[in-house]
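Observations on the model geometry
Chain by chain, the residues:
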Protein chains: 4
Amino acid sequence: MNVFSYRPSPEDLSYTFGGRPAVARIEPGAIVEMYTEDCFGGRVRSVDDLPSQVCEFPYLNPVTGPFHVEGAEPGDTLALHFVTIEPARDWAVSATFPHFGALTGTHTTAMLTPPLDEVVWHYDIDVEAGVARYHARKSDFTVELPLDPMHGTVGVAPGASEARMTITPDAHGGNMDTPELRAGVTVYLGVNVEGALFAVGDGHARQGHGEVCGTAIEAAMNTVVAVELIKGVATPWPRLEDDHSLMSTGSARPLEDAYRISQHDLVTWTSEVTGLETLDAYQLVSQIGEAPVGNVCDSNYTMVAKLPKAYLGGSGVYESAHERLRALGRQYLAQR
Amino acid sequence: MNVFSYRPSPEDLSYTFGGRPAVARIEPGAIVEMYTEDCFGGRVRSVDDLPSQVCEFPYLNPVTGPFHVEGAEPGDTLALHFVTIEPARDWAVSATFPHFGALTGTHTTAMLTPPLDEVVWHYDIDVEAGVARYHARKSDFTVELPLDPMHGTVGVAPGASEARMTITPDAHGGNMDTPELRAGVTVYLGVNVEGALFAVGDGHARQGHGEVCGTAIEAAMNTVVAVELIKGVATPWPRLEDDHSLMSTGSARPLEDAYRISQHDLVTWTSEVTGLETLDAYQLVSQIGEAPVGNVCDSNYTMVAKLPKAYLGGSGVYESAHERLRALGRQYLAQR
Amino acid sequence: MNVFSYRPSPEDLSYTFGGRPAVARIEPGAIVEMYTEDCFGGRVRSVDDLPSQVCEFPYLNPVTGPFHVEGAEPGDTLALHFVTIEPARDWAVSATFPHFGALTGTHTTAMLTPPLDEVVWHYDIDVEAGVARYHARKSDFTVELPLDPMHGTVGVAPGASEARMTITPDAHGGNMDTPELRAGVTVYLGVNVEGALFAVGDGHARQGHGEVCGTAIEAAMNTVVAVELIKGVATPWPRLEDDHSLMSTGSARPLEDAYRISQHDLVTWTSEVTGLETLDAYQLVSQIGEAPVGNVCDSNYTMVAKLPKAYLGGSGVYESAHERLRALGRQYLAQR
Amino acid sequence: MNVFSYRPSPEDLSYTFGGRPAVARIEPGAIVEMYTEDCFGGRVRSVDDLPSQVCEFPYLNPVTGPFHVEGAEPGDTLALHFVTIEPARDWAVSATFPHFGALTGTHTTAMLTPPLDEVVWHYDIDVEAGVARYHARKSDFTVELPLDPMHGTVGVAPGASEARMTITPDAHGGNMDTPELRAGVTVYLGVNVEGALFAVGDGHARQGHGEVCGTAIEAAMNTVVAVELIKGVATPWPRLEDDHSLMSTGSARPLEDAYRISQHDLVTWTSEVTGLETLDAYQLVSQIGEAPVGNVCDSNYTMVAKLPKAYLGGSGVYESAHERLRALGRQYLAQR
């Protein structure tokens with residue numbers, strides 16, 4: 001088994017997709033063990049560490065990578081299977097910060113009202129018990145929330161010679177901030193440049209739908225990814241697959257356009273998988289499709305369109321990459 | 001037990017919230033058994049019945065009611081508990097129709113492209129087996145989908161002397177088209193006029209998130225509602241409660257505003273229920289809140305903000321109306 | 001000349017389009033002289049009269065009417081030519097008020113930030129000099145602005161048995177708040193109910209594009225309208241015509257949909273007027289069309305699409321109603 | 001006088017802001033004479049040259065540059081005064097192309113309807129007569145439109161190590177597509193990287209508001225720009241100044257956010273220039289501000305907020321850079 005371990009030092013972290021040389025080269029079929037920092041670069045460690053004071057804007061949301069995948073070319077699809085996503089510390093943080101979040105004026109939804117207060121919350125993370133403990137700041141209220149670790153950010157270099165801040169989700173992936181991106185899931189990303197140049201970051205111990213205050217329970221992660229390359233198959237927007245469902249994503253503003261992109265892709269994909277005529281697929285998705293919200297706070301909003309595979313008549317997708325990668329992941333876990 | 005049965009004839013159906021006299025007067029504490037027609041008024045019965053030909057626009061989406069609730073005044077809250085929602089026929093229909101749906105130009109998202117074809121799908125409904133059978137129109141593909149009956153439309157008369165088409169969801173309720181409005185749920189509606197004047201319609205055998213093609217599996221329903229009045233308590237936007245969760249709704253365009261309204265109301269409500277300071281409540285909702293999509297096709301879009309009650313420390317809401325109504329509903333079912 | 005004068009007492013004012021009986025019946029071809037109150041019902045008279053204290057929500061934005069036009073039936077078009085719009089007082093007011101305006105959270109763009117302060121500005125109106133004098137509240141700054149009187153609100157009863165608050169612009173007209181609706185302009189409105197039931201209100205001494213703070217220089221007006229009925233010709237959205245231009249309007253959210261509606265209507269209308277094929281008309285409008293912003297603060301936003309008639313090859317519209325009404329208006333003014 | 005002339009060969013053209021080395025270094029105070037290609041790279045020359053066939057996506061909308069301005073550092077403002085913008089050929093073109101434009105489904109406003117036809121229009125440009133002649137494709141209709149030459153695209157390298165396609169307008173400038181950017185105007189751009197790295201392209205012989213079909217009358221240009229650097233003064237979003245008005249821009253989606261950004265900046269700027277308290281400035285802008293629409297077709301939409309300087313009490317902005325550059329431009333023209 002081809003296992004590659006990588007732990008970046010702070011100066012190795014990347015703040016864009018595109019515009020950066022690879023930190024390592026990976027063979028398709030490899031397992032990558034990596035460490036990812038939290039969205040604050042690990043600088044917010046207590047309720048007294050205000051992001052606007054301890055972080056250096058715009059250097060937020062660092063990703064681990066980019067990794068060059070041998071043989072990847074524009075028009076291919078990169079399959080990244082998340083074997084495990086494990087919180088690396090026994091604490092995590094969340095925060096409001098000025099002009100960010102869905103219920104405040106922002107730099108684009110510009111308002112003359114003053115921003116909300118900047119406040120940090122510190123969570124205790126207990127991986128064994130599977131919980132994150134919330135502590136109110138202005139009262140004694142405390143409650144345990146179930147862990148559901150995920151990555152907010154995964155993507156490849158964009159096309160057209162672009163370099164995009166990691167905070168922005170778009171067709172190349174990026175900061176989609178969907179709780180659906182948990183362990184057990186395979187992400188499909190269309191390759192835009194030679195080597196694909198994928199990167200991963202922004203771990204969340206858990207996250208509500210839409211990340212309404214602007215941040216989740218932000219956590220450093222130890223993450224294991226199994227990598228495969230599907231040659232000659234293009235993918236227009238990031239897609240996800242788990243054992244039960246197919247998922248399309250869309251990232252745009254306004255939010256209905258993120259919905260449209262994701263549902264359009266799911267209808268088209270369903271039509272391909274099942275052989276259903278387009279309007280027949282549209283009808284089927286209309287009745288059994290789900291639409292989990294990703295983020296409603298980033299520079300583009302993200303929606304996911306999700307369909308249980310049980311209703312699609314048994315055809316596989318992407319040459320059964322998910323099944324193969326899942327088996328590879330289990331083999332890795334058995335040997336670890 | 002005060003049980004009132006009502007089956008409207010076609011000319012009794014209503015096409016607006018507001019602007020119509022009540023069809024009956026109901027005492028708080030009563031059970032109402034009602035029949036509701038489907039969104040096509042029952043006129044689309046086969047794949048050859050095109051809505052644009054058999055329906056008379058804008059007379060779509062009829063509701064049963066309005067019912068005058070004795071003693072209801074502006075500033076009160078009406079609680080409607082859905083005891084049962086049962087498909088009334090062994091078939092149901094769905095359709096695309098011109099300039100309606102999320103993936104086509106509409107009268108407001110105006111496009112120069114021609115509309116999508118108008119197509120009808122006919123479903124077999126088997127209540128005993130709990131399934132609706134989908135049949136593709138252009139191939140032999142067929143699949144059974146689980147029934148999950150719900151009402152797309154419930155509301156009261158709006159304030160400010162308005163009368164609104166039933167198709168439009170807003171602060172008074174209306175065509176929210178959320179699958180969360182199923183049996184076992186209590187809906188809280190702010191009263192705007194004397195008697196509240198509530199009405200119910202637009203049954204769906206099941207519906208995907210967003211009702212992307214514009215229609216669900218449209219079905220006539222036999223529905224039982226338990227009614228209670230909470231005096232002197234206002235409700236800004238429709239709220240829902242089931243045994244596990246509190247839910248706020250928002251209906252607006254663009255879709256992020258529907259999200260904002262619903263999340264804002266849930267944060268504020270959480271703060272009231274738990275005593276948490278506002279930003280503490282914002283933080284908690286950010287991590288455990290869900291955001292099921294209602295509709296992304298109607299004249300306003302609808303989002304739901306949902307929070308498991310387990311994390312709120314045990315306080316009840318609306319003077320425990322849901323628990324009382326649920327008990328009343330069970331008593332009714334036991335006697336039926 | 002058939003001249004009808006009407007000055008409503010406060011209890012005659014209307015707060016909805018639809019849902020109200022006519023205050024008078026008008027023959028096509030008549031001139032109507034009317035008085036309209038300002039959007040605050042005349043209750044905000046000094047900088048100390050805060051709208052939230054002196055007004056009774058939601059009873060804002062009163063209109064004069066509705067007027068029943070003899071012979072008007074659904075499918076016809078009502079032509080209202082504004083002969084004069086003259087400020088009725090030597091003062092006018094403007095205000096910010098909580099949760100209203102483009103640069104603050106509102107009831108739909110819901111925010112957790114506190115609202116902006118409620119502030120009133122008092123303007124001196126000098127009709128002879130043609131100016132409104134602005135006075136800053138927190139300094140001695142003062143400046144004269146040119147008068148450009150207009151009506152924010154004009155419309156007919158909506159169809160489908162609806163009644164809509166006058167504050168809402170939609171296909172029936174309403175509170176479009178476009179500065180293009182000044183004296184010399186003919187407004188075309190599609191008739192939805194017998195008698196059309198038109199009404200006029202919300203005079204502005206002048207207004208910026210978008211009415212960004214939520215209110216213009218709000219003024220009572222003495223207004224003269226010449227009325228004509230165009231039988232058997234439908235109008236999908238309100239249109240305007242002056243001596244130089246044709247204008248289509250659209251009212252919706254998000255703002256791009258208001259733009260789409262108005263441009264779509266202008267392209268279609270241009271195609272009808274010139275005989276140009278649709279894409280040829282699309283091209284022409286793309287290069288010489290203007291898009292004056294109406295409002296970006298009301299419950300729907302309004303955009304206008306405007307085309308100089310000089311480029312359209314000389315064909316008239318609506319059977320030359322504008323030219324006839326303009327001549328009638330001049331005749332009236334000569335006799336006054 | 002320091003005059004620098006630059007005519008790029010096709011391989012010198014740039015398709016991003018950022019991510020490219022400078023083509024030349026410019027001293028502040030210099031005049032730059034440059035040639036810019038049209039948005040199709042000059043490849044669409046007749047009605048038979050369909051963009052989807054003759055252009056190589058995504059290599060559209062080339063810009064001339066980037067130019068390194070000596071001494072420019074992050075936190076400074078670059079002032080570019082457009083002395084002249086002159087069509088370089090006696091023809092220009094416009095086109096619809098698939099999934100682009102405001103009245104069609106696009107890659108983000110995703111629709112299942114087929115795209116509009118791809119059609120090219122060829123215009124005759126007569127600089128002496130000051131007209132562009134439109135020819136319908138499906139009929140004999142033809143009409144002369146006044147020339148009003150402008151640049152759709154001007155900007156600097158973005159910050160945060162980003163590189164953005166030239167088609168996208170944002171805080172760094174880019175493809176704002178506003179007709180306000182004509183000769184006689186000074187553009188102020190905040191500097192994000194050493195040397196600023198400005199570039200210019202996408203000339204239009206004229207353009208309607210919003211560029212509704214997706215393209216203007218696309219023309220190669222000979223353009224002269226006077227360059228100045230304002231040290232230590234930051235500019236958040238591109239601003240424009242001509243002899244009569246100050247203008248702020250905003251680029252975002254939905255369109256109301258572009259409006260909000262531009263109006264927010266204009267209110268803040270007005271407050272700085274006049275000393276008016278913020279709400280007093282908000283009020284003044286509300287009554288005399290204009291809001292010319294830029295584009296409603298690009299990946300971000302653009303709005304301009306415009307205020308006549310006559311109402312601001314005579315204070316200059318940016319250390320009177322516009323007046324100085326305008327004088328320099330006149331001196332250059334006198335000597336040419």
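The sections below set out a description of the structure shown in this document. (Residues numbered from 1 in each chain as written. Chains lettered and ligands numbered in written order. Predicted model: local features only at pLDDT ≥ 70, side-chain atom pairs only at ≥ 80, totals over all residues. Heavy atoms only, no water.)

1. Examining the interface of chain A and chain C
The test is simple: Contact criterion: two residues are considered in contact whenever any of their non-hydrogen atoms come within 4.5 Å of each other. Note: buried area is the sum, over both parts, of the accessible area (probe 1.4 Å) each one loses when the two are combined. We count a salt bridge whenever a side-chain nitrogen from Lys or Arg sits within 4 Å of a carboxyl oxygen from Asp or Glu. Pairs of N or O atoms are called polar contacts if they sit within 3.5 Å, as long as, within protein, a hydrogen donor faces a hydrogen acceptor (for residues adjacent in sequence, only side-chain-to-side-chain pairs).
Listed by partner, the interface residues are 14 residues for chain A and 14 residues for chain C. Together, A:Leu103, A:Met111 and A:Thr113 form the three largest contributors to the area buried by chain A at its contact with chain C, with a combined 45%. The interface formed by chain A and chain C contains 0 salt bridges. Taken together, the links from chain A to chain C amount to 2 residue pairs in polar contact (both at pLDDT 80 or more).

2. A few points about the sheet that holds strand β18 (residues 245-252) of chain A
Working definition: the strands of a sheet are paired by backbone hydrogen bonds and lie parallel or antiparallel to each other. Residue and element names in this part refer to chain A. As a reminder, the rule being used: DSSP bridges decide pairing: two strands pair if at least two such bridges lie between them. A run of H or I in DSSP counts as a helix once it spans at least four residues, and a run of E counts as a strand once it spans at least two, with each numbered from the N terminus. Axes, fitted as lines to C-alpha atoms, cover a helix only where it is in contact. Angles between the N-to-C directions of the axes lie from 0 to 180 degrees.
Overall, mixed pairing links the 8 strands, which are arranged β1-β4-β16-β6-β14-β17-β18-β19 in an open sheet. Every other strand in the sheet has two partners, leaving β1 (3-6) and β19 (301-308) as the edge strands with one partner each. Sheet twist, expressed as the average angle between the axes of neighbouring strands with direction ignored, equals 25 degrees. Looking at chain direction, β1 and strand β4 (residues 31-36) are connected through 4 bridges and run parallel. Bridge pairing in β4 links Ser5 to Glu33.

3. Quick notes on the sheet that holds strand β6 (residues 77-87) of chain D
Residue and element names in this part refer to chain D. The sheet built from 8 strands is open, its strands ordered β1-β4-β16-β6-β14-β17-β18-β19 with mixed pairing. Two strands close off the open sheet at either side, each with one partner strand: β1 (3-6) and β19 (301-308). Between one strand and the next, the sheet's axes are offset by a mean angle of 25 degrees, whatever the strand orientation. Bridging between strand β4 (residues 31-36) and strand β16 (residues 221-230) involves 6 bridges; their strand directions are antiparallel. Along β16, the bridge assignment pairs Val32 with Val225.

4. Examining the side chain of C:Ser262
Residue and element names in this part refer to chain C. The line we're drawing: Any residue under 20% of the maximum accessible area for its type is buried, any over 50% is exposed, and the rest in between are partly exposed; the area is computed with a 1.4 Å probe on protein chains only.
Within the secondary structure layout, Ser262 lies in helix α2 (residues 255-274). Ser262 gets classed as buried once you look at its relative accessible area, which sits at 0%. Other than its neighbours up to four places away in sequence, Ser262 contacts Ser248, Thr249, Gly250, Met303, Val304 and Ala305.

5. Notes on the relation of the copies chain A and chain C
Quick reminder of the rule: The copies were overlaid with a least-squares fit restricted to C-alpha atoms from residues scoring a pLDDT of at least 70 in each copy.
Between the two copies, chain A and chain C, the superposition gives an RMSD of 0.0 Å; the rotation angle is 180 degrees and the shift along the axis is 0.0 Å. Taken together, the rotation and translation describe the operation of a two-fold axis. Residue by residue, 100% of the interface of chain A is reproduced at the interface of chain C, so both copies engage with the same surface.

6. Some details on the packing of aromatic side chains
Applied cut-off: Put simply, two rings from Phe, Tyr or Trp (the six-membered ring, in Trp's case) pair if the centres are within 6.5 Å, and we call them stacked under 30 degrees between planes, edge-to-face over 60, tilted for the rest.
Counted by the stated rule, this structure contains 44 aromatic pairs over all chains. Considering the side-chain rings of C:Tyr15 and C:Tyr59, the 5.3 Å spacing of their centres and the 85 degrees angle between planes classify their relative orientation as edge-to-face. Of the two residues, C:Tyr15 is situated in the loop between β1 (3-6) and β2 (16-17) and C:Tyr59 in the loop between α1 (51-54) and β5 (63-69); the sequence distance between them amounts to 44 residues. On the accessibility criterion, C:Tyr59 (33% relative accessible area) is partly exposed. Ring geometry for D:Tyr134 versus D:Phe141: centroids 6.2 Å apart, planes at 75 degrees, classification edge-to-face. You can call D:Tyr134 buried: its relative accessible area is 0%. Taken together, the ring pairs connect A:Phe4, A:Tyr6, A:Phe67 and A:Phe198 into an aromatic cluster.

7. Overview of the interface of chain B and chain A
Under the convention used in this document: All amino acids are sorted into three groups, where Ala, Val, Leu, Ile, Met, Phe, Trp, Tyr, Cys and Pro are nonpolar, Asp, Glu, Lys and Arg are charged, and the leftover types, Gly among them, are polar.
Counting residues at the interface gives 63 residues for chain B, matched by 63 residues for chain A. Across the contact surface, chain B and chain A share 0 salt bridges. Connecting chain B to chain A are 40 residue pairs in polar contact (both at pLDDT 80 or more). Elements with a minimum of two residues in the side of chain B that touches chain A: β7 (91-96), β8 (119-126), β10 (142-146), α2 (255-274), α3 (278-288) and β19 (301-308) of chain B. When residues of the side of chain B that touches chain A are assigned to their parent elements, the largest contribution, 10 residues, is made by α3(B). In the side of chain B that touches chain A, the residues fall into 35 nonpolar, 17 polar and 11 charged.

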